[in-house]
Amino acid sequence: MEVILAQSAGFCFGVTKAVEIVYDKIEEGKKLYTYGPIIHNESVVDDLQNKGVQIINTPEEIDDITEGTIVIRSHGVSKEVQQIIENKGLTCVDATCPFVKRIHHIVEKESMEGRRIVIIGNAGHPEVEGIRGWSVTEAIVIESGDEIENLTISKDEKLCIVSQTTFNYKKFKDLVEIFQKKGYDVSVVNTICNATEERQTEAKEIAAKVDAMIVIGGTHSSNSRKLYEICAKECENTIFIQTLDNLHLNFPKEVRCVGITAGASTPNNIIEEVQNYVRINF
Ligand code: F3S
């Protein structure tokens, strides 16, 4: 069996950094918390919890903590949450991905200079919630053209449009165009991270030429689900798994070549295990 492993499979730069920070901090032996799960991967989160790392999900939970270190994950948090952690006298270790941090800086500066912030992205995603919390005025989150049609903001307002890092570039461009056609004065900053686009492009290319495709990712990982959708369009034998345990394969005889890719929160050891399993057993 020939196996093609995507070079872009697995942890992106921001996730690698955040996970390394948490494992380094465990060594210090102090009480350790992460604000939200550090990544969307159950095996990593379970391993950290077994090592004593606790997850906080709301600002209210910070109130009950009297000592220790809180690591902010790669998605980042609002300015308010960061200040709550610091005001409590707790050690705050900021593992926000630098690409997300850049958006926080843009949003804070542009909103202070009077532009209304428009975030193109998913309002319920923690990264977007965090970005929203760096605007000094109420930011707007937009995911579709219909939402722009229903906006009630005046054309006299100046806008600054940014994007969630994992948003689709074509969709971003289309939505920006709608704002421009409606006559808004917009300053546009493309804040989409290349890592996502590169991973999707490579996955699509591989899926188009293999007989079966395996996508590895967490069930809550939106970038992994998106990868699956892209691959399934190119290759009907596409399967989505979280770990090797989910892989009960019985490839048809005609399958001679298998492609493997993985979402940004899939650890290398899981990718290796799956790759070795396929090479050895088929
Ligand atoms: Fe950062 Fe891009 Fe990963 S924004 S967390 S490097 S997907």
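Asks: Please explain the overall build of the protein chain as it appears in this structure.
Replies: Broken down by element type, the protein chain carries 11 helices and 12 strands. Taken against the 2.2 N^0.38 rule, which gives 19 Å for 282 residues, the C-alpha radius of gyration of the protein chain at 21 Å falls within 12% of a compact globule. Dimensions along the principal axes, computed over C-alpha positions, put the protein chain at roughly 65 × 55 × 25 Å. Across the 282 residues in the protein chain, those meeting the buried criterion constitute 50%. Once local pairs closer than 6 in sequence are excluded, the contacts in the protein chain between residues at least 24 apart make up 68%. In the protein chain, 30 positive and 43 negative side-chain charges are present, and the distance between their average locations comes to 4 Å.

Asks: Sorry, what's going on with helix α8 (residues 169-181) here?
Replies: One turn of the α-helix equals 3.6 residues, which is why residues spaced by three or four share an orientation. The end-to-end C-alpha distance of α8 is 18 Å, a good match for the 18 Å that 13 residues give at a rise of 1.5 Å each. Where α8 is concerned, the buried positions are Phe 172, Leu 175, Val 176 and Phe 179. Looking down the long axis of α8, one finds its buried residues gathered within 100° of arc, a one-sided arrangement. Exposed and facing more than 90 degrees away from the buried side of α8 are Lys 170 and Lys 181. Lining the buried residues of α8 we find β6 (116-120), β7 (140-142), α7 (145-149), β8 (158-163) and β9 (185-188). In this structure Asn 168 caps α8, since a side-chain oxygen of it lies 3.0 Å from the backbone nitrogen of Lys 170.

Asks: Where do I start with the environment of Leu 249 in this structure?
Replies: Mapped onto the fold, Leu 249 is located in the loop between β11 (238-241) and β12 (257-262). In this structure the C-alpha to C-alpha distance between Leu 249 and Gly 263, which are 14 residues apart in sequence, comes to 20 Å. Sequence-distant contacts of Leu 249, that is, excluding residues within four places in its chain, are made with Ile 214, Ile 239 and Phe 282.

Asks: Just checking my understanding: could you explain the site of the ligand for this structure?
Replies: Around the ligand lies a shell formed by Cys 12, Gly 14, Cys 97, Phe 99, Thr 165, Cys 193 and Thr 196. Partitioning the shell around the ligand into residue classes produces 4 nonpolar, 3 polar and no charged.

Asks: Help me out: how do you make sense of the domain arrangement of the protein chain in this one?
Replies: The parts lose accessible area when they come together, and the size of an interface is often stated as this lost area. Looking at the protein chain, the domain boundaries give domain 1 (2-10 + 195-281), domain 2 (13-96) and domain 3 (99-188). On a C-alpha basis, the centroid separation for the pair domain 1 and domain 2 is 30 Å. The interface of domain 1 with domain 2 comprises 10 residues on the first partner and 7 residues on the second. Counting each side, the surface lost to burial between domain 1 and domain 2 is near 590 Å², with a carbon and sulfur contribution of 51%. A per-residue breakdown of the area domain 1 buries against domain 2 is headed by His 220, Gln 242 and Ser 265, which together make up 51% of the total. Across the domain 1-domain 2 interface, the total number found is 0 salt bridges. Our count for the domain 1 to domain 2 interface comes out at 1 residue pair in polar contact (both at pLDDT 80 or more).

Asks: Would you mind going over the nonpolar core with me for this structure?
Replies: Across soluble globular proteins, nonpolar side chains show a tendency to be buried alongside one another. In terms of nonpolar packing, the biggest core is built from 30 residues, with Ile 214, Ile 216, Phe 251, Val 258, Val 274 and Val 278 touching the most fellow members. Counting residues per element, the ones that place at least two in this core are β1 (2-5), α9 (194-209), β10 (212-216), α10 (222-234), β11, β12 and α11 (268-281). Counting residues per element, this core draws most heavily on β10, which supplies 5 residues. Each residue touching Val 274, except ones within four places of it in the same chain, is listed here: Ile 214, Ile 216, Ile 241, Leu 244, Leu 247 and Ile 260. Ile 26, Val 44, Leu 48 and Val 71 belong to the second largest nonpolar core, which has 17 residues in total.

Asks: Just checking my understanding: could you explain the pattern of salt bridges for this structure?
Replies: Side chains bearing opposite charge may pair, as long as their charged atoms lie close to each other. Taken as a whole and assessed by the stated rule, the structure comprises 12 salt bridges. Residue Glu 177 is joined to Lys 181 by a salt bridge in which the shortest nitrogen-to-oxygen separation is 3.5 Å. Of this pair, Glu 177 and Lys 181 both sit in helix α8, 4 residues apart, which is roughly one turn of that helix. Among the residues examined, Glu 177 registers a relative accessible area of 38% and is labelled partly exposed. Relative accessible area serves as the criterion here: at 69%, Lys 181 is assigned to the exposed category.

Asks: So what exactly am I meant to see when it comes to a negative patch on the surface here?
Replies: Together, Glu 60, Glu 61, Asp 63 and Asp 64 make up a region of like negative charge exposed at the surface. Among the secondary structure elements, Asp 64 is positioned in the loop between α3 (59-63) and β4 (69-72).

Asks: Where do I start with the pairing of β6 in this structure?
Replies: Successive residues of a regular strand alternate their side chains across the two faces of the sheet. Of all 5 residues in β6, 5 are buried, a share of seventy percent or more. Here β6 shows no split at all, with Arg 116, Val 118 and Ile 120 on one side and Ile 117 and Ile 119 on the other all buried. By the bridge criterion, 5 bridges tie β6 to β8 in an arrangement that is parallel. Note on β8: the bridge partner recorded for Ile 117 is Cys 160. In terms of handedness, the path from β6 via helix α6 (residues 126-132) over to β7 forms a crossover that is right-handed.

Parameters and conventions
Residues numbered from 1 in each chain as written. Predicted model: local features only at pLDDT ≥ 70, side-chain atom pairs only at ≥ 80, totals over all residues. Heavy atoms only, no water. Helix = DSSP H or I, 4+ residues; strand = E, 2+ residues; numbered from the N terminus. Rg over C-alpha atoms; globule rule 2.2 N^0.38 Å. Buried < 20%, exposed > 50% of the residue type's maximum accessible area, 1.4 Å probe, protein only. Contact = heavy atoms within 4.5 Å. Lys, Arg positive; Asp, Glu negative; His and termini not counted. Charge placed at Lys NZ, Arg CZ, Asp CG, Glu CD. Expected span 1.5 Å × (residues − 1). Arc of directions from axis to C-beta. Polar contact = N/O pair within 3.5 Å; in protein donor to acceptor, adjacent residues only side chain to side chain. Near = heavy atom within 4 Å. Nonpolar A, V, L, I, M, F, W, Y, C, P; charged D, E, K, R; others polar. Domains from an automatic or database assignment. Buried area = accessible area lost by both parts, 1.4 Å probe. Salt bridge = Lys/Arg side-chain N within 4 Å of Asp/Glu carboxyl O. Core = buried A, V, L, I, M, F, W, Y, C linked by side-chain atoms within 4.5 Å. Patch = residues over 30% accessible without salt bridge, like charges linked within 9 Å, V, L, I, M, F, W, Y side chains within 5 Å. Areas by Shrake-Rupley, 256 points an atom, 1.4 Å probe, with all protein chains shown as cover. Pairing = 2+ DSSP bridges. Right-handed = clockwise from strand over helix to strand, strands pointing away.

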